[in-house]
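Understanding the architecture of this molecule
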Amino acid sequence: MKKSWITIAVAAVVVLAGVAVWLFLNLQQQKQVNQEMQELAELDKQEMENEYERFTMQYSEMMTQINNDSIVAQLTREQLRTQQLLEELKQTKAADAREIARLKKELATVREVLRSYIRQVDSLNQVNETLRSENLHIRDELAASNREIEGLASEKATLSEKVAIAAQLDATGITMTPLNKRNKPAKKMKDCKQIQVNFTIAKNVTASNGVRTIYVRIQTPNGNVLNGGVFDFEDRQIEYSMKKGIEYSGEETAVTTYWNVNEFLAAGEYRVSIFSEGNMIGTKTFTFK
């Protein structure tokens, strides 16, 4: 009796340890995604700061190209306003989404105002060779700023791709079962009247909730697809066998689909592939007599 209790206690400890390890790994995955999203916000803020600084330098450049005191005064006011918004942005935390959104709208306004002044200046003056030489240094700084912005945009795109990959669904535990006319597992494919495909959409705390369309594709031993229609995949349309809409809440979700057989199915190797939102999220091969 004592040994039995010891066995139960050891089993309980092992189970609890397994649960603890799973929770730890899940927490680490979420922390990594949160960190990447924070880095993405920081890059977005840095990119905005660089644009504000570039607009400030462009105002300086334009003021060297004209002799109209009225326009120079207007450009000076807009440059000071741009510098003030830049200081507000520098003092704003990247995590302050509301303030970042406001300053991003202000940035769009500054951009449009700057464009209107560029058109005015271009219509009033022609830049001579002397001024081109004097502005060479500012142009070099603008080029360096543009290169930095391009680098930040590339890094931001990379982080965005990593976050998108983390949000992709994953189909696990895929099974394919031929059913006979009594709805029982068929021993041979020639007796198959219906195909049942089961799988599980794994838990993903990063993926957004909502209705998802799942496509199931069954390839026969001769390479043909049991056709139920077509869908878009990698800039082209491919055949699917079954499709099903599911309500995904981020938790593990079981899915079952059926294909009604209306043709002869040969023995051999069948491949089942699962797709969702333009991604193949699972595949498995089965061999039947």
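Scope of this entry: the structure provided in the associated data block. (Residues numbered from 1 in each chain as written. Predicted model: local features only at pLDDT ≥ 70, side-chain atom pairs only at ≥ 80, totals over all residues. Heavy atoms only, no water.)

1. Comments concerning the environment of Leu85
Just so we agree on the cut-off: Runs of E in the DSSP output that reach at least two residues are strands. Runs of H or I that reach at least four are helices, and both are numbered from the N terminus. By definition, residues are in contact when any of their heavy atoms lie within 4.5 Å.
Examined against the element boundaries, Leu85 turns out to sit in helix H2 (residues 69-90). Discounting residues that sit within four places of it in the chain, Leu85 has contacts with Tyr52, Leu103, Glu106 and Val110.

2. Brief notes about the nonpolar core
Here is a general trend for soluble globular proteins: nonpolar side chains tend to be buried in one another's company. Here is the rule: For this analysis, a nonpolar core means a set of buried residues of the types Ala, Val, Leu, Ile, Met, Phe, Trp, Tyr and Cys, connected via side-chain atoms within 4.5 Å. Note on exposure labels: buried denotes an accessible area under 20% of the residue type's maximum, exposed denotes more than 50%, and partly exposed covers the range between, all computed with a 1.4 Å probe on protein chains only.
Counting residues in hydrophobic clusters, the biggest one holds 28 residues, and the most contacted among them are Ile195, Phe199, Ile201 and Ile218. Looking at this core, the elements with two or more residues in it are strand S1 (171-179), strand S2 (194-201), strand S3 (210-219), strand S6 (242-248), strand S7 (253-260), strand S8 (268-276) and strand S9 (279-288). For this core, the element with the most residues is S2, which contributes four residues. Among the nonpolar cores identified, the runner-up in size contains 19 residues, and Tyr52, Ile66, Leu86 and Leu114 belong to it.

3. Looking at the packing of aromatic side chains
Put simply, the rule reads: Pairs were defined over the aromatic rings of Phe, Tyr and Trp, the Trp ring being its six-membered one, requiring ring centres within 6.5 Å. Orientation was assigned from the angle between planes: stacked under 30 degrees, edge-to-face over 60, tilted for the rest.
By the definition in use, this model includes seven aromatic pairs. Ring geometry for Tyr270 against Phe288: centres 5.9 Å apart, planes inclined by 65°, an arrangement best described as edge-to-face. In this pair, Tyr270 sits in strand S8 while Phe288 sits in strand S9, placing the two residues 18 residues apart along the sequence. You'll find Tyr270 and Phe288 in the same group, each marked buried. In textbook terms, an aromatic cluster arises when at least three aromatic residues are bridged by ring pairs, as seen for Tyr215, Phe231, Phe233, Tyr240 and Phe275.

4. Notes on the sheet that holds S9
In a beta sheet, neighbouring strands are held together by backbone hydrogen bonds and run either parallel or antiparallel to one another. Here is the rule: Here the rule is simple: two strands pair whenever DSSP picks up at least two bridges between them. Fitted lines through C-alpha atoms give the axes, limited to the stretch in contact for helices. The angle between two N-to-C directions lies from 0 to 180 degrees.
Taken in spatial order, the four strands of this open sheet run S6-S3-S8-S9, and their pairing is antiparallel. For this open sheet the edge positions go to S6 and S9, each flanked by a neighbour on one side alone. Strand-to-strand twist across the sheet, computed as the mean angle between neighbouring axes with direction ignored, equals 20°.

5. Digging into a positive patch on the surface
Put simply, the rule reads: A patch consists of residues whose relative accessible area exceeds 30% and which take part in no salt bridge; residues with like charges are grouped when within 9 Å of each other, and nonpolar side chains (Val, Leu, Ile, Met, Phe, Trp, Tyr) when within 5 Å. Areas reported as accessible are Shrake-Rupley estimates using a 1.4 Å probe. Residue values count occlusion only from the protein chains shown. By convention in these notes, a salt bridge is any Lys or Arg side-chain nitrogen within 4 Å of a carboxyl oxygen on Asp or Glu. The charged-residue count follows a simple rule in which Lys and Arg add positive charge and Asp and Glu add negative charge, with His and chain termini not counted at all. Charge placement uses NZ in Lys and CZ in Arg. For Asp and Glu, CG and CD serve respectively.
A cluster of like positive charges, contributed by Lys181, Arg182, Lys184 and Lys193, occupies part of the molecular surface. Tracing the sequence through the fold places Lys184 in the loop between S1 and S2. Judged by its relative accessible area of 52%, Lys184 is exposed.

6. Quick look at the environment of Leu179
Considering the arrangement of structural elements, one finds Leu179 in strand S1. When the C-alpha positions of Leu179 and Asp191 are compared, they lie 7.9 Å apart, and in sequence the two are 12 residues distant. Not counting residues within four places of it along the chain, the set of residues in contact with Leu179 comprises Lys184, Pro185, Ala186, Asp191, Cys192, Lys193, Gln194, Gln196 and Tyr258.

7. Looking at the sheet that holds S2
An order of S1-S2-S7 is seen for the three strands of this open sheet, with the pairing classed as antiparallel. A single partner strand is all that each edge strand has here, and the edge strands are S1 and S7. Each neighbouring strand pair of the sheet contributes to a mean axis angle of 15°, computed without reference to strand direction. Sheet topology note: the S2/S7 ladder contains eight bridges and is antiparallel. Bridged to Asn198 within S7 is Thr256.

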